[in-house]
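Residue-level structure breakdown
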Amino acid sequence: MKGTTSPQFENRFYDLYLEFFNRAESERRWNVQKDIPWDQCNPKMSDDIALIVESFCAVELFLPDYTSKILHLIRKSRGRAWFQANWGYEESKHSLVLEEWLVRSGKRSQKEIHAFADTVLEREWELPFETPRQMMVYTTFQELSTGMNYKNLRRKAIEQNDAALSTALSFVARDESAHYHFFQDGVKLYMNEDRDGTLRDIETVLKGFRMPAQDLIPNWEVRGKTIVGEKIFSDRIFYKDIMRPILSVLGTSREEIQALSKTTPELIIP
């Protein structure tokens, strides 16, 4: 594992994992079959919302790639590796609950779900960055973005009177928030050990940031436009509600990152 790997540093990561795990066990566990009011699905939900749910399902389908490739990268870090295994379990529930809603609402059949999954998994997701620290920075921005996706989609479910989907998305968004806080706190550990190096990695990640698997999912151009059109996510949302708050909580700023980017002017931070 590249980067700082002193026992003291790794012990702090393991403490973060224990805090995450214990809180999840006591406050956050939920059951796909028992905790969702499936009898309150609304079959009249708009086709655009169903397409967005299916699109988010597609992103979740790359879970084997996310889990295995990140685990290989950080396998020597017990705190990060064990968190990643737990993360995979929770993300698998997100995929299951979204698929369940598509079928129970009548928006997709089981046959359509299986065919779509087979098509999606013909491709393979690759790590967007090379080092454990860069990937932790990336997942910090990505997890808060994903949580925002689900919160905004839940708002649509409430507007369209689907208690099943809104309840499911409440659980999912709560999980994503917990994931984000683990990664955020991990980046803070890196900042404490090597502020300048971590800031350079933040610069690198922001320069190349994309949400996962978009290039791999069939018909993403239409799906992406629908997501933007329904005001679920957009570049503006990313800059305003994701990037700026994260930089603030990490104790840095646009100005500090821009100072590092003088040799890479293509990095644009509004």
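This brings us to the overall build of the chain. The helix and strand tally for the chain stands at 11 helices and 0 strands. Listing every helix and strand of the chain by position from the N terminus yields α-α-α-α-α-α-α-α-α-α-α. Against the compact-globule benchmark of 18 Å for 270 residues, the chain has a radius of gyration of 19 Å, which places it among compact chains. The 270 residues of the chain split such that 55% are buried. Across the chain, the fraction of contacts at a sequence separation of at least 24, relative to all contacts at a separation of at least 6, is 84%. Only carbon and sulfur atoms are counted for the fraction: they give 49% of the accessible area of the chain, which is about 12900 Å². Within the chain, one finds 37 positive and 41 negative side-chain charges whose respective centroids are separated by 3 Å.

Attention shifts here to the environment of Leu51. Along the chain, Leu51 turns up in helix H2 (residues 47-60). Note on Leu51: relative accessible area 17%, which makes it buried. It is 9.8 Å that separates the C-alpha atoms of Leu51 and Arg108, two residues lying 57 residues apart in sequence. Contact partners of Leu51, with chain neighbours within four places excluded, come to Arg108, Val222, Arg223 and Thr226.

Mapped onto the fold, Thr131 is located in the loop between helix H5 (110-120) and helix H6 (132-159). Among the polar contacts made by the side chain of Thr131, one reaches the main-chain amide nitrogen of Gln134 at a distance of 3.1 Å.

On to helix H3 (residues 63-74). Here H3 spans 16 Å end to end across 12 residues, near enough to the 16 Å set by a 1.5 Å rise per residue. Within H3, the full set of buried residues consists of Leu63, Asp65, Tyr66, Thr67, Lys69, Ile70, Leu73 and Ile74.

A word on the state of the cysteines. Applying the stated criterion across every chain, the model contains 0 disulfides. Cys57 supplies the cysteine sulfur nearest to Cys41, a cysteine that is in no disulfide, at a spacing of 13 Å.

Right, let's talk about the packing of aromatic side chains for a bit. One pass over the full model with this rule turns up 22 aromatic pairs. Each ring, one from Phe56 and one from Tyr150, has its centre 5.5 Å from the other, and the planes form 80°; the classification is edge-to-face. In this pair, Phe56 sits in helix H2 while Tyr150 sits in helix H6, placing the two residues 94 residues apart along the sequence. Its relative accessible area of 6% is what places Phe56 among the buried residues. Over the aromatic face of Trp82 sits the side chain of Arg78, whose NZ or CZ is 4.3 Å from the ring centroid. Over the aromatic face of Trp30 sits the side chain of Lys93, whose NZ or CZ is 4.4 Å from the ring centroid.

What follows concerns the nonpolar core. Ranked by internal contacts, the top residues of the largest apolar core, which has 86 residues, are Val97, Trp101, Phe141, Phe182 and Ile202. With 15 residues, the top contributor of residues to this core is helix H7 (residues 163-193). Those residues in contact with Trp101 that sit more than four places away from it in its chain are Trp38, Cys41, Met45, Ala50, Val53, Lys107, Asp162, Ala164 and Leu165.

What follows deals with the environment of Ile74. Mapped onto the secondary structure, Ile74 falls in helix H3. With 26 residues separating them in the primary sequence, Ile74 and Glu100 have C-alpha atoms 32 Å apart. Leaving out residues up to four positions away in the same chain, Ile74 has contacts with Arg80, Ala81, Gln84 and Pro132.

So, on to the pattern of salt bridges. Throughout the structure, instances matching the rule amount to 21 salt bridges. In this structure, the salt-bridge partner of Arg223 is Glu54, at a minimum N-O distance of 3.0 Å. One end of the pair, Arg223, is in helix H9 (residues 220-229); the other, Glu54, is in helix H2, with 169 residues separating them in the sequence. Assessed through its relative accessible area of 6%, Arg223 is described here as buried. The class for Glu54 is buried, based on a relative accessible area of 9%. Salt bridges linked by common partners bring Glu25, Arg28, Arg29, Glu90 and Asp175 together as one network.

Relative to the 45 Å expected for 31 residues at 1.5 Å per residue, H7 spans 46 Å between its end C-alpha atoms, a close match to the ideal helical length. Two or three places before Ala164, at the start of H7, stands the capping residue Asp162, its side-chain oxygen 3.1 Å from that residue's backbone nitrogen.

This brings us to the packing of H6 against helix H10 (residues 235-249). Orientation of H6 relative to H10, taken along the N-to-C sense of each, is 135°, at an axis distance of 10 Å. In this view, H6 runs oblique relative to H10, as classed from their interaxial angle. The two elements H6 and H10 meet at a crossing, and its hand is right-handed. From H6, Thr140, Phe141, Leu144, Ser145, Met148 and Asn152 reach across to H10, where they touch Ile237, Phe238, Asp241, Ile242, Met243, Ile246 and Leu247. Residue classes in the contact of H6 with H10 are distributed as 9 nonpolar, 3 polar and 1 charged.

Here is what the cut-offs are and how they apply
- Residues numbered from 1 in each chain as written.
- Predicted model: local features only at pLDDT ≥ 70, side-chain atom pairs only at ≥ 80, totals over all residues.
- Heavy atoms only, no water.
- Helix = DSSP H or I, 4+ residues; strand = E, 2+ residues; numbered from the N terminus.
- Rg over C-alpha atoms; globule rule 2.2 N^0.38 Å.
- Buried < 20%, exposed > 50% of the residue type's maximum accessible area, 1.4 Å probe, protein only.
- Contact = heavy atoms within 4.5 Å.
- Areas by Shrake-Rupley, 256 points an atom, 1.4 Å probe, with all protein chains shown as cover.
- Lys, Arg positive; Asp, Glu negative; His and termini not counted.
- Charge placed at Lys NZ, Arg CZ, Asp CG, Glu CD.
- Polar contact = N/O pair within 3.5 Å; in protein donor to acceptor, adjacent residues only side chain to side chain.
- Expected span 1.5 Å × (residues − 1).
- Disulfide = S-S within 2.5 Å.
- Phe/Tyr/Trp six-rings, centres within 6.5 Å; stacked < 30°, edge-to-face > 60°.
- Lys NZ or Arg CZ within 6 Å of the ring centre and 35° of its normal.
- Core = buried A, V, L, I, M, F, W, Y, C linked by side-chain atoms within 4.5 Å.
- Salt bridge = Lys/Arg side-chain N within 4 Å of Asp/Glu carboxyl O.
- Axes fitted to C-alpha atoms, helices over the stretch in contact; angles between N-to-C directions.
- Parallel < 35°, antiparallel > 145°, perpendicular 65-115°, else oblique.
- Left-handed = near helix turned anticlockwise from the far one by under 90°.
- Nonpolar A, V, L, I, M, F, W, Y, C, P; charged D, E, K, R; others polar.

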